[in-house]
Amino acid sequence: MHRLLLRLIAPLLMAAPLACAAQAQGKLLLTGGVSCIDGAAGGGLSPWALTGSYATAGQIGATAYLTRLPVQDYGFTGYGAAVAFGERAELSIARQDLSAGATGAALGLPGLRLKQTILGAKVRLGGDAVLDADTWMPQLALGVEYKHLDAGGLAPTLSALGAKRQGVDIYLSATKLFLAQSTLVNLTLRATRANQNGLLGFGGTASGSYSLVPEVSIAYLLNKQWAVGVEYRVKPDKLNSSILGDALREDDWKDVFVAWAPNKHVSLTAAYVDLGGIVPGIQPRRQRGVYGSIQFAY
């Protein structure tokens, strides 16, 4: 039935810039998104309601990715993989490694590295981004991410701040593809206690409760292979204020990105990212850099 419906809407697809991207696998090129930093399919900073790869009903697809983001005082590396069960569900695993650089040395921890493992699951609740492109119905998905932090020598400090080394994020994503306008819009609402996405633990003495924070992505598809867009991710700021005052204040994240998919098996993403202050009590300048990511899909 899924394939039959795609054939029926083929004339509509041919009228859009993305038309020739519809191939035997059914999904349009780039509509699976890329791999976000937590491993789920979406934008670079935020998950979408779509599942990764180009698997459709009755198919299983897989993706793997590598991401690198150097900013002024830190270096971030992420890698992982995901398995998609059609457009119904997705399982993912991600590994993050943050080099603290001069900040670690200032804390008396030269060579400090913060490492985090993230296990994710996402289930589609309703809607279809492509088949509902001519209605106002978005694709909806519910996701959960279990995060475990290896804080190394920083662990005693995080304990003194009341930050746990493991936590769970729950999110609801709504993704809407305006096919005729070649535009994709995503809104994600995340319930989280994560400090700097979990790399500084979860919660703190000031607040151990969950916060509901929004994340927004807008992508414009220039043609079947290229997309540009912006993302904005609100952060919960659970360590502000702490026994260190506002020295651990957390800012929102934002980026401007471009993605290129020469085919359905590989995509490259580059972005200018602004992470705001990260431990601004030691490194007061904003952390900005160029994000690069490569994804392989099957």
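## Points about the overall build of the chain
At step 1: When helices and strands are counted, the chain shows four helices and 14 strands.
At step 2: Radius of gyration (C-alpha) of the chain: 19 Å, near the 19 Å computed for a compact globule of 298 residues.
At step 3: Taking the contacts inside the chain whose residues are at least 6 apart along the sequence as the reference set, 60% of them involve residues at least 24 apart.
At step 4: Separation between the mean location of the 26 positive side-chain charges and that of the 20 negative ones in the chain comes to 4 Å.

## Observations concerning the packing of aromatic side chains
At step 1: Across all of its chains, the model carries two aromatic pairs by this definition.
At step 2: Ring plane angle 70° and centroid distance 5.9 Å describe the contact between Trp136 and Phe178, whose orientation is recorded as edge-to-face. Linking Trp136 in the loop between strand 6 (113–126) and strand 7 (139–150) with Phe178 in strand 8 (residues 166–178), this pair joins segments that are 42 residues apart in sequence.
At step 3: Judged by its relative accessible area of 22%, Phe178 is partly exposed.
At step 4: Between Trp226 and Trp260, the ring centres sit 5.6 Å apart and the planes meet at 20°, which makes this aromatic pair stacked.

## Some points on unusual backbone geometry
At step 1: Unlike most non-glycine residues, Ser53 shows phi in positive territory, near 70°.
At step 2: Position of Ser53 relative to the elements: it lies in the loop between strand 2 (41–42) and strand 3 (60–70).
At step 3: Unusually for a residue other than glycine, Val279 sits at a positive phi of about 55°.
At step 4: Here Val279 shows up in the loop between strand 13 (266–274) and strand 14 (288–297).

## Quick notes on the layout of surface pockets
At step 1: The calculated volume of the largest pocket comes to roughly 420 Å³.
At step 2: Lining the largest pocket are 29 residues, with Leu98, Gln196, Leu200, Ile278 and Val279 sitting closest to its centre.
At step 3: Secondary-structure elements contributing two or more residues to the lining of the largest pocket are helix 3 (101–106) and helix 4 (155–160).
At step 4: Taken together, the residues of the lining of the largest pocket sort by class into 25 nonpolar, four polar and no charged.

## Some words on the environment of Tyr298
At step 1: Mapped onto the elements of the fold, Tyr298 is located in the segment after strand 14.
At step 2: For the pair Tyr298 and Val266, spaced 32 residues apart in sequence, the C-alpha to C-alpha distance is 8.8 Å.
At step 3: Contacts of Tyr298, omitting those with residues within four sequence positions, involve Ser53, Gly61, Ala62 and His265.

## Remarks on the environment of Ala194
At step 1: Residue position: Ala194 is located in the loop between strand 9 (183–192) and strand 10 (211–221).
At step 2: Of the residues examined, Ala194 reaches a relative accessible area of 2% and is grouped as buried.
At step 3: Setting aside residues up to four positions removed in sequence, Ala194 forms contacts with Asp169, Gly201, Phe202, Pro236 and Glu250.

## Examining the pairing of strand 11 (residues 226–233)
At step 1: Side-chain alternation along strand 11 places Ala227, Gly229, Glu231 and Arg233 on a buried face and Trp226, Val228, Val230 and Tyr232 on a face that remains uncovered.
At step 2: Both strand 10 and strand 11 contribute to a ladder of seven bridges, which runs antiparallel. Across the sheet, residue Tyr220 finds its bridge partner in strand 11, namely Val228.
At step 3: As paired elements, strand 11 and strand 12 (residues 253–263) share eight bridges and run antiparallel to each other.

## Brief notes about the pairing of strand 7
At step 1: The two faces of strand 7 differ: Gln139, Ala141, Gly143, Glu145, Lys147 and Leu149 on one face are buried, but Leu140, Leu142, Val144, Tyr146, His148 and Asp150 on the other face are not.
At step 2: Here 11 bridges tie strand 6 to strand 7, and the two strands are oriented antiparallel to one another. Following the sheet pairing, Gly120 is matched in strand 7 by Glu145.
At step 3: Bridge count between strand 7 and strand 8: 10 bridges; the pairing is antiparallel. Bridge assignment links Tyr146 to a residue of strand 8, and that residue is Val168.

About the cut-offs
- Residues numbered from 1 in each chain as written.
- Predicted model: local features only at pLDDT ≥ 70, side-chain atom pairs only at ≥ 80, totals over all residues.
- Heavy atoms only, no water.
- Helix = DSSP H or I, 4+ residues; strand = E, 2+ residues; numbered from the N terminus.
- Rg over C-alpha atoms; globule rule 2.2 N^0.38 Å.
- Contact = heavy atoms within 4.5 Å.
- Lys, Arg positive; Asp, Glu negative; His and termini not counted.
- Charge placed at Lys NZ, Arg CZ, Asp CG, Glu CD.
- Phe/Tyr/Trp six-rings, centres within 6.5 Å; stacked < 30°, edge-to-face > 60°.
- Buried < 20%, exposed > 50% of the residue type's maximum accessible area, 1.4 Å probe, protein only.
- 1 Å grid on protein atoms, 1.4 Å probe; cavity = no way out; pocket = protein on both sides within 12 Å on 5 of 7 lines; lining within 4 Å.
- Points joined across faces, edges and corners; volume = space filled by probe spheres on them.
- Nonpolar A, V, L, I, M, F, W, Y, C, P; charged D, E, K, R; others polar.
- Pairing = 2+ DSSP bridges.

Everything listed here is a matter of coordinates, which is why it stays silent on function.
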